[in-house]
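Analysis of the macromolecular model
Residues per chain, in single letters:
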Amino acid sequence: MRSLIDTKHADNTLSKDNAAEDCVNKASNNVNDASSVVAANNIGLGGVGRSKKHESADKHVSGEALYIDDRPNLQGQLHAAVGQSSIAHGLIKSIDLSAVRAAEGVFAVITVDDVPGHTDIGPVFPGDPVLAIGKVEYVGQPIFAVAATSHDLARRAVKLANIEYEELPAVLTVKDALAKQSFVRPPFSMTRGDSASAILQAEHQLSGEISVGGQEHFYLEGQISTAEPNEDGGMTVFSSSQHPSEVQKLVAEVLGIPLNKVVVDTRRMGGGFGGKETQAAPWACIAALLSNETKRPVKFKLSRSDDMCMTGKRHPFENNYHVGFDSNGQIKGINIEVNGNCGYSPDLSDAIVDRAMFHSDNAYFLDQATVTGNRCKLNTVSHTAYRGFGGPQGMMTIEMVMDDIARHLGKDPLEIRKINLYGKDERNETHYHQIVEHNKMAELITSLEQSSDYQARRASITQFNSENSILKKGIALTPVKFGISFTVQHLNQAGALVHIYTDGTIHLNHGGTEMGQGLYTKVAQIVAEEFQVNVDTVGVSATRTDKVPNTSPTAASSGTDLNGKAAQAAAKIIKTRLIAFACEKYAVNNTEVTFKDSQVLIGTETFSFAEFVQQAYMGRVSLSSTGFYKTPKIYFDRASGKGRPFFYYSTGAAVSEVLIDTLTGEYKVLRADILHDVGHSLNPAIDIGQIEGAFIQGMGWLTTEELVWNEQGRLLSNNPATYKIPAISDTPADFRVTLVPDDPNREQTIYNSKAVGEPPFMLGISVWSALKDAISSVSDHKLSPKLDTPATPERVLWAVEAIKQQAQA
Ligand code: MTE
Ligand code: QUE
Ligand code: MOS
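In what follows, the accompanying structure is described. (Residues numbered from 1 in each chain as written. Chains lettered and ligands numbered in written order. Predicted model: local features only at pLDDT ≥ 70, side-chain atom pairs only at ≥ 80, totals over all residues. Heavy atoms only, no water.)

**Some remarks on the pattern of salt bridges**
Taken as a whole and judged by the stated rule, the model has 50 salt bridges. The shortest N-O distance in the salt bridge between Glu449 and Lys418 comes to 2.5 Å. You can see Glu449 sitting in helix α13 (residues 441-451) and its partner Lys418 sitting in helix α12 (residues 413-419), a full 31 residues away along the chain. You can call Glu449 buried: its relative accessible area is 12%. Several salt bridges share partner residues, and in doing so they unite Arg457, Lys473, Glu657, Arg671, Asp673, Asp734 and Arg736 into one network. (Salt bridge = Lys/Arg side-chain N within 4 Å of Asp/Glu carboxyl O. Helix = DSSP H or I, 4+ residues; strand = E, 2+ residues; numbered from the N terminus. Buried < 20%, exposed > 50% of the residue type's maximum accessible area, 1.4 Å probe, protein only.)

Take a look at the structure:
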């Protein structure tokens with residue numbers, strides 16, 4: 001059930017890729033050399049800094065990992081389905097559900113009138129009715145729900161409804177939304193200096209616009225929830241959710257019961273990628289409502305095509321810029337406008353468009369800048385979090401600016417990128433007034449430029465292109481600087497719960513959820529490291545709202561940063577108690593108590609960890625503790641557009657080389673070299689797996705993954721036959737991923753590591769830029785092609801044709 005794109009390194013012991021193995025070994029050696037925190041004596045224990053395989057790797061591969069749909073059916077269990085809007089915008093004039101009620105196997109049919117509690121389940125702002133309230137705002141919106149004896153019967157029954165609408169005009173493009181000022185939230189700007197006059201006074205000016213497509217999450221496990229009624233009117237919900245606490249809150253609210261009567265349990269997701277942050281909740285709420293109505297367990301799973309039609313995607317954006325620069329290509333002033341297609345409701349769009357604005361600089365100093373963000377309301381499904389959370393869409397504009405300036409001045413885009421990088425002690429303030437500290441981007445790029453042989457390959461590509469009139473090659477190096485922290489301050493907190501049992505085994509629970517990214521593995525490594533025990537003695541358990549309360553979503557790449565620190569804090573509390581106990585019992589001081597190699601050394605005596613834990617139990621020491629963490633230093637004042645929203649930045653860069661066929665637009669990525677900074681890696685194998693998966697997912701977003709809605713607002717690309725995610729054959733034949741060696745995070749993160757989940761997604765931008773490089777070669781690099789995304793073969797072909805015509809004119 002795990003996503004295809006991350007399986008390659010899910011289990012590094014299964015990998016036959018020697019180059020990647022070398023990378024892993026090299027990286028882990030570097031980490032060990034660098035580190036004073038990792039004891040040299042724990043080799044084999046699998047603690048921090050080692051390439052420990054994913055805790056479920058074997059189960060993922062064998063099929064033994066249990067997903068919600070694999071849970072045995074409970075007695076009397078029913079299955080849910082929803083009746084959906086067939087129009088994009090309209091008033092509901094009448095609903096006749098008599099045929100639905102009479103259909104085979106149907107036990108219950110509910111509309112919003114049957115909801116005992118809240119009817120709005122908007123996660124941040126209202127606007128998302130759990131079932132339609134008198135009007136519909138997109139094709140696919142749930143109007144009523146059915147519980148029947150099987151999944152098939154429920155799906156058949158909902159088709160029998162007779163619903164009459166009074167159609168209203170639908171807003172289906174960003175341009176139309178802007179013209180009508182149709183917004184889900186008010187616009188917002190960030191400003192540094194006076195961009196308008198800086199642009200005017202600059203030697204050169206350029207402007208441009210780009211349409212950036214959305215992206216289907218395509219988690220292999222679709223949305224699913226099971227609700228079981230309890231004896232006291234409460235509910236236990238199993239949900240494939242990145243945000244169990246929010247599911248708990250919304251289920252309680254729709255049922256009209258207190259939060260302490262609802263427990264949400266999430267063992268793992270078969271991929272989330274942001275798509276299960278808010279949008280797992282509606283299905284859990286509907287299952288709970290039907291369960292409450294029938295007093296039976298209810299399972300609700302979406303079919304793939306329903307999932308694709310009824311859940312939000314990455315926000316498509318329409319962005320534009322106006323830039324002023326000098327003859328070296330250095331930016332003097334810039335205005336950027338990002339326009340997010342938010343769909344019909346706010347969902348997380350305010351924070352997503354904020355993040356697009358925060359990343360409109362990517363790695364570059366924008367001197368005088370104005371960045372404006374619009375949150376457009378359209379009559380489509382509400383778009384939501386997706387790896388990068390608006391950051392990728394924001395970065396696309398400035399990477400387009402880099403290429404456009406380069407073509408205008410007749411320079412290599414890499415030269416323009418370098419000259420615009422943030423400086424170290426000057427030119428280091430972002431357009432939101434955070435200082436970019438500990439900036440080593442220039443060194444990182446130089447290192448990658450050398451290791452990837454960029455200059456020599458640039459020369460041979462030029463040669464190749466002069467000798468071939470139909471096939472053309474292109475190359476590009478693009479950097480990524482991604483801010484780590486939730487930009488909403490209160491979410492930057494986490495809790496954990498650690499128990500040690502009398503046999504010395506450890507039970508670990510924390511607020512983070514596992515979606516394949518390896519969070520459970522990393523946090524277990526952190527706890528094992530604290531006690532210096534074998535990581536296999538740390539049992540990770542399902543994320544549950546009754547174990548750790550009030551948790552944040554596992555998102556913003558901060559899962560390990562937050563939960564790793566919380567779990568470490570819990571472990572440290574227990575360890576302090578154990579040391580105090582040892583000091584008292586053996587009359588030593590605390591410098592004479594050492595945890596090492598699954599043993600505890602006390603003065604001259606040595607016990608196994610299990611023996612010593614047993615002694616502590618007999619000595620009535622509490623062997624259980626919670627732990628808590630909140631990120632220091634961060635704040636942001638939206639009114640002034642100033643602050644330090646990010647604790648630190650994760651950085652990296654990629655060089656991609658492509659080959660295009662100028663007669664058909666078809667292309668191939670020939671080689672990709674990535675150098676990425678994860679600070680002091682907690683687990684190099686997992687980090688490299690994340691980088692590989694993210695790069696391929698980013699490449700898919702910008703190349704083949706095309707969402708098509710028709711003029712009535714219906715999604716046509718609603719299955720894998722019409723929506724093309726990258727396959728193994730799309731992986732670059734030559735793919736080299738390296739971690740920046742020996743560079744611990746300067747901020748006090750967990751073992752000085754850096755978040756890895758989202759940042760490398762944006763390395764996929766190098767593929768898009770390389771495609772433009774190849775297209776531009778048709779004009780001897782004099783013209784900068786306009787290449788909206790996804791850059792499908794058709795779009796590449798059109799861009800080639802446009803460049804040919806422009807070159808002739
Ligand atoms: N990796 C896998 N295999 N599956 C996923 O769903 N989600 C990504 C990333 N990597 C994801 C993944 C996203 S969107 C985020 S925010 C992070 O993982 C969340 O996990 P973390 O904070 O523990 O890195
Ligand atoms: C990055 C993120 C998120 C974010 C901000 C980021 C995110 C998220 C929220 C959010 C915002 C307001 C809320 C809330 C969540 O903000 O994932 O519940 O009230 O959910 O910079 O990934
Ligand atoms: Mo990730 S988009 O923050 O779930």
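**Looking at the sheet that holds strand β11 (residues 262-266)**
Each strand in a sheet pairs with another by means of backbone hydrogen bonds, the pair being arranged parallel or else antiparallel. Read across the open sheet, the 8 strands follow the order β3-β5-β1-β12-β9-β10-β11-β20; overall the sheet is mixed. Two strands in the sheet have a free side with no partner beyond their single neighbour: β3 (106-110) and β20 (543-544). Both strand β9 (residues 224-229) and strand β12 (residues 298-301) contribute to a ladder of 4 bridges, which runs antiparallel. For Ile224, the partnering residue across the bridge sits in β12 and is Lys301. Where helix α8 (residues 281-294) meets the sheet, its contacts fall on β1 (78-84), β3, β5 (142-148), β9, β10 (235-239) and β12, and the angle it forms with β9 comes to roughly 30 degrees. (Pairing = 2+ DSSP bridges. Contact = heavy atoms within 4.5 Å. Axes fitted to C-alpha atoms, helices over the stretch in contact; angles between N-to-C directions.)

**Remarks on helix α16 (residues 559-586)**
The end-to-end C-alpha distance of α16 is 39 Å, a good match for the 40 Å that 28 residues give at a rise of 1.5 Å each. Where α16 terminates, the next one or two residues include Ala587, which has phi positive at roughly 50 degrees. (Expected span 1.5 Å × (residues − 1).)

**Observations concerning unusual backbone geometry**
The omega torsion of the bond from Thr789 to Pro790 falls at 5 degrees, within 30 degrees of zero and hence cis. Take Pro790: it is sitting in the loop between α19 (765-776) and α20 (793-808). Although it is not a glycine, Arg427 adopts a positive phi angle of roughly 50 degrees. Among the structural elements, Arg427 can be located in the loop between α12 and α13. Judged by relative accessible area, Arg427 falls into the partly exposed class, the value being 21%.

**A short note on the packing of aromatic side chains**
Here the structure, examined in full by the defined rule, presents 18 aromatic pairs. These aromatic residues form a ring-pair network of at least three members: Phe358, Tyr432, Phe636, Phe646 and Tyr649. In this arrangement the basic side chain of Arg314 is found over the ring face of Tyr386, its NZ or CZ atom lying 4.4 Å from the centre. Above the plane of the ring of Tyr649 lies Lys481, whose end atom (NZ or CZ) is 4.5 Å from the centre. (Phe/Tyr/Trp six-rings, centres within 6.5 Å; stacked < 30°, edge-to-face > 60°. Lys NZ or Arg CZ within 6 Å of the ring centre and 35° of its normal.)

**Some details on the sheet that holds strand β28 (residues 667-677)**
The 4 strands lie next to each other as β16-β27-β28-β29, forming an open sheet whose pairing is mixed. Only two strands of the sheet have a single partner each, and these edge strands are β16 (471-484) and β29 (734-739). Across the sheet, the mean angle separating the axes of adjacent strands is 15 degrees when strand polarity is ignored.

**Let's talk about the site of ligand 2**
Ligand 2 sits among 14 residues. The nearest are Glu277, Arg355, Phe389, Thr487 and Leu491. A distance of 2.8 Å separates an oxygen atom of ligand 2 from a polar side-chain atom of Arg355. Backbone polar atom of Ala556 to an oxygen atom of ligand 2: 3.3 Å apart, as the coordinates give it. Coverage of ligand 2 by the protein chains reaches 91% of its 450 Å² of free accessible surface. Broken down by class, the residue content of the shell around ligand 2 amounts to 10 nonpolar, 2 polar and 2 charged. (Near = heavy atom within 4 Å. Polar contact = N/O pair within 3.5 Å; in protein donor to acceptor, adjacent residues only side chain to side chain. Areas by Shrake-Rupley, 256 points an atom, 1.4 Å probe, with all protein chains shown as cover. Nonpolar A, V, L, I, M, F, W, Y, C, P; charged D, E, K, R; others polar.)

**Considerations on the nonpolar core**
Ranked by internal contacts, the top residues of the largest apolar core, which has 143 residues, are Phe531 and Phe695. Of the residues forming this core, the biggest block, 11 residues, is contributed by α16. Beyond its immediate stretch of four places on either side in the chain, Phe531 contacts Ile500, Ile506, Ala571, Ile574, Lys575, Leu578, Phe595 and Phe609. (Core = buried A, V, L, I, M, F, W, Y, C linked by side-chain atoms within 4.5 Å.)

**Some points on the site of ligand 1**
Surrounding ligand 1, one finds 19 residues, the nearest of these being Gly272, Phe273, Met515, Gly559 and Gln690. Measuring from an oxygen atom of ligand 1, one finds a backbone N or O atom of Phe273 at 2.9 Å. Here a nitrogen atom of ligand 1 and a side-chain polar atom of Arg387 are 3.2 Å apart. Notes on ligand 1: free accessible area 520 Å², of which the protein chains cover 97%. Residue composition of the shell around ligand 1, by class: 5 nonpolar, 11 polar and 3 charged.

**Focus on the side chain of Thr380**
In this structure, Thr380 sits in the loop between β15 (368-376) and α11 (391-409). In this view, Thr380 contacts Glu137, Tyr138, Leu172, Asn341, Gly343, Tyr344 and Trp709; residues no more than four positions away in its chain are not counted.

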